[in-house]
Amino acid sequence: GSCFWVAVLDGNVVGIVAARGNEEDNTVELRRMSVDSNYRGKGIAKALGRKVLEFAMLNNYSSVVLGTTAVKMAAHKLYESLGFKHEGVVEHYALPGMTHSLLERMFFQLRYHRYRLQLREE
């Protein structure tokens, strides 16, 4: 129920994406999508996102979900261009592994955006 893809261009790794299936709610979580900053704007992230959607459809998942702390609007526009709908924001999100020290609370108060793309009704 999980996969990892690597985008290679001219022999160089230029992007990655992972998908993790969740049988309990029949969803796939798109995780860890990243494209080398030197190769952004070339459609690599969109191709990686489509690969996850293809994986979800071939394996009969009902939806694809993702969460992001991305502050750049380009990331949010990418998800929306793939068909994802913004479901909400968690304010003051703590990254896994944070100790919640005063210093971390001062510098790492993140907004966590949730997205979902419904593939079919359950």
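One can find the structure itself at the top, above this paragraph.
Residues numbered from 1 in each chain as written. Predicted model: local features only at pLDDT ≥ 70, side-chain atom pairs only at ≥ 80, totals over all residues. Heavy atoms only, no water.

Caption draft 1: Structural detail: the overall build of the protein. Helix and strand counts for the protein come out as three helices and six strands. Order of helices (α) and strands (β) in the protein, N terminus to C terminus: β-β-β-α-β-α-β-α-β. Taking all 122 residues of the protein together, the buried fraction comes to 34%. Within the protein, residue pairs in contact and separated by at least 24 positions form 59% of the contacts whose partners lie at least 6 positions apart. (Helix = DSSP H or I, 4+ residues; strand = E, 2+ residues; numbered from the N terminus. Buried < 20%, exposed > 50% of the residue type's maximum accessible area, 1.4 Å probe, protein only. Contact = heavy atoms within 4.5 Å.)

Caption draft 2: The arrangement of a nonpolar patch on the surface in detail. Nonpolar side chains collect at one region of the surface, where Phe4, Val6, Val8 and Val13 lie side by side and expose about 390 Å² of accessible area between them. Residue contributions to the nonpolar patch peak at three residues, all from strand β1 (residues 2-9). Looking at where valine 8 falls in the secondary structure, it is placed in strand β1. (Patch = residues over 30% accessible without salt bridge, like charges linked within 9 Å, V, L, I, M, F, W, Y side chains within 5 Å. Areas by Shrake-Rupley, 256 points an atom, 1.4 Å probe, with all protein chains shown as cover. Salt bridge = Lys/Arg side-chain N within 4 Å of Asp/Glu carboxyl O.)

Caption draft 3: Structural view of unusual backbone geometry. A positive phi angle, close to 55°, is found at aspartate 10, a residue other than glycine. Of note, aspartate 10 is situated in the loop between β1 and β2 (12-22). Despite not being glycine, arginine 32 has its phi angle at roughly 55°, a positive value. Along the chain, arginine 32 falls in strand β3 (residues 27-35).

Caption draft 4: Examining helix α1 (residues 44-58) more closely. Compared with the 21 Å implied by 1.5 Å per residue over 15 residues, the 21 Å span of α1 between its first and last C-alpha is a close match. Of all the positions in α1, only Ile44, Ala45, Leu48, Gly49, Val52, Leu53, Phe55 and Ala56 are classed as buried. Looking at the buried side of α1, the elements it contacts are β1, β2, β3, β4 (63-68), α2 (73-81) and β6 (110-118). Where α1 ends, the next residue or the one after it, asparagine 60, has phi of about 60°, a positive value. (Expected span 1.5 Å × (residues − 1).)

Caption draft 5: Representation of the pattern of salt bridges within the structure. Per the stated rule, a full pass over the model turns up four salt bridges. Taking the shortest distance from any N to any O, the salt bridge between arginine 20 and glutamate 29 comes out at 3.0 Å. The partly exposed category is assigned to arginine 20, whose relative accessible area is 42%. Ionic contacts of the salt-bridge type, sharing partners, join the residues Arg20, Glu29 and Arg31 into one network.

Caption draft 6: Geometry of the pairing of β1. Two strands pair when backbone bridges link them, and β1 and β2 are joined in this way by eight bridges, in the antiparallel orientation. Looking at the pairing, tryptophan 5 lines up with valine 17 of β2. Adjacent in sequence and paired antiparallel, β1 and β2 are bridged by two residues, among which aspartate 10 carries a positive phi angle near 55°. (Pairing = 2+ DSSP bridges.)

Caption draft 7: Focus on α2. For α2, the full list of buried residues reads Ala75, His76, Leu78 and Tyr79. Down the axis, α2 shows its buried residues gathered within 155° of arc, on one side only. Exposed and oriented more than 90 degrees from the buried face of α2 are Met73, Ala74 and Lys77. In the segment just after α2, glycine 83 is the residue with positive phi, at about 105°. (Arc of directions from axis to C-beta.)

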